[in-house]
Amino acid sequence: MITWIAVTSGARARIFETTGRRQPLTEITSMVNPEDRLQKKELRNDKPGRATDAQRGQRHTMGMADNPKDQVADDFARSIVERLSGDALAKRFDRLCVVAPPRFLGMLRNHMNGPLKASLAGEINKDLTAEAPAAIHQHVEPVLWPPVPRVPGIGT
């Protein structure tokens, strides 16, 4: 059984593959979001609009509808999910574990479709993108391969 572990954040995504509990993680691909490093003012492509107060005849600026950093992160989440969805349809993996900070994990969930959701074996709410594969393995092991409870009197 092939298991993929997608370790993601708003800035980076690393996808690992393993075939079992005692098998090492192999990084198969990496994605980077260069726009994540930009400041809010660099992400805006123009100034906010202006409006006129009809009663007073005064002009004022209108606020931005949403945070451009959130939009950049959401676009990156969509591209990660599109990649994983294509791989799920191509049956490149049997199970998927997603590791991401809570806010980004929510963005990923919003874009997941049926086949990808069906392959989801677990989620971890942490940013482990900078961790070594061995450390990531320690975090996902109890989620993907929980210990089997011992039944008293059997096998003792």
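Residues numbered from 1 in each chain as written. Predicted model: local features only at pLDDT ≥ 70, side-chain atom pairs only at ≥ 80, totals over all residues. Heavy atoms only, no water.

1. Observations regarding helix α5 (residues 133–144)
Side chains that are three or four residues apart share a direction in an α-helix, a result of its 3.6 residues per turn.
Then, in step 1: Those residues of α5 lying buried are Ala 135, Ile 136, His 137, Val 140 and Leu 144.
Then, in step 2: Summarising the contacts, the buried residues of α5 are in contact with β1 (3–8), β2 (12–18), β6 (95–100) and β7 (120–125). (Buried < 20%, exposed > 50% of the residue type's maximum accessible area, 1.4 Å probe, protein only. Helix = DSSP H or I, 4+ residues; strand = E, 2+ residues; numbered from the N terminus. Contact = heavy atoms within 4.5 Å.)

2. Details of the nonpolar core
Then, in step 1: Residues Ile 80, Leu 84, Leu 96, Phe 104, Leu 108 and Leu 116 are the most contacted members of the largest nonpolar core, which totals 22 residues.
Then, in step 2: Sorting the residues of this core by element identifies β1, β2, α2 (68–89), β6 and α3 (102–111) as the ones contributing at least two each.
Then, in step 3: With 7 residues, α2 is the largest single contributor of residues to this core.
Then, in step 4: When residues no more than four places from it in sequence are discounted, the contact partners of Leu 96 are Trp 4, Ala 6, Leu 84, Leu 116, Ser 119, Leu 120, Ala 121 and Gly 122.
Then, in step 5: Counting 12 residues, the second largest nonpolar core, distinct from the first, contains Leu 25, Cys 97, Val 99 and Val 140. (Core = buried A, V, L, I, M, F, W, Y, C linked by side-chain atoms within 4.5 Å.)

3. Looking at the sheet that holds β6
Each strand in a sheet pairs with another by means of backbone hydrogen bonds, the pair being arranged parallel or else antiparallel.
Then, in step 1: Strand order across the open sheet formed by 5 strands is β3-β2-β1-β6-β7, with mixed pairing between neighbours. Strands at the two margins of the open sheet, each flanked by one partner only, are β3 (26–32) and β7. When the angles between neighbouring strand axes are averaged without regard to direction, this sheet yields 15 degrees.
Then, in step 2: The sheet contact formed by β2 and β3 spans 6 bridges and is antiparallel. Across the sheet, Ile 15 pairs through a bridge with Thr 29, a residue of β3.
Then, in step 3: With respect to the sheet, α5 is in contact with β1, β2, β6 and β7, its orientation differing from that of β7 by roughly 120 degrees. (Pairing = 2+ DSSP bridges. Axes fitted to C-alpha atoms, helices over the stretch in contact; angles between N-to-C directions.)

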